[in-house]
Amino acid sequence: ACRFMLACDAAWARSYVCDGHFECDPWLAYAAQHSEPKVASALKLVDADHLRVQALAARAGFASALIVPAHSGAGHSRISVLCLGSSSAGYF
């Protein structure tokens, strides 16, 4: 099960969920394995799916993003992440 709390473009959110991008999201993958915040542009994108998800985020206004893992204490069964975005490249 996936739960989202979003404050962004609803069209982006619909596309993200309907197309199943959460299954190959590089930001979620980072949050699942790390606890330190990281600028999204510093993540190593390993495949075409990661590139596609990041391109979708960029089209939705995330020209720059800060990924902040927010672990819940429920172990790996629940991944939480705060994504702060800006339409200005290099903002973070």
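Residues numbered from 1 in each chain as written. Predicted model: local features only at pLDDT ≥ 70, side-chain atom pairs only at ≥ 80, totals over all residues. Heavy atoms only, no water.

Asks: Please explain the pairing of strand E2 (residues 64–69) as it appears in this structure.
Replies: When a strand is regular, its side chains alternate between the sheet's two faces. Of the pairings in the sheet, the one linking strand E1 (residues 38–39) to E2 comprises 2 bridges and is antiparallel in character. Opposite Val-39, over in E2, you have Leu-66 as the bridge partner. Across 6 bridges, E2 lies against strand E3 (residues 81–86) in antiparallel orientation. In the strand pairing of E3, Pro-69 is matched with Val-81. (Pairing = 2+ DSSP bridges. Helix = DSSP H or I, 4+ residues; strand = E, 2+ residues; numbered from the N terminus.)

Asks: For this particular structure, what's the right way to read the packing of helix H1 (residues 10–18) against helix H3 (residues 48–59)?
Replies: For any two helices packed against each other, the geometry is given by the interaxial angle and the distance between the axes. At a closest axis distance of 10 Å, the pairing of H1 and H3 adopts a crossing angle of 165 degrees. When the axes of H1 and H3 are compared, the pair comes out roughly antiparallel. Both H1 and H3 take part in a crossing whose hand is right-handed. Contacts between H1 and H3 involve Trp-12, Ser-15 and Tyr-16 from the former and Val-53, Leu-56 and Ala-57 from the latter. (Axes fitted to C-alpha atoms, helices over the stretch in contact; angles between N-to-C directions. Parallel < 35°, antiparallel > 145°, perpendicular 65-115°, else oblique. Left-handed = near helix turned anticlockwise from the far one by under 90°. Contact = heavy atoms within 4.5 Å.)

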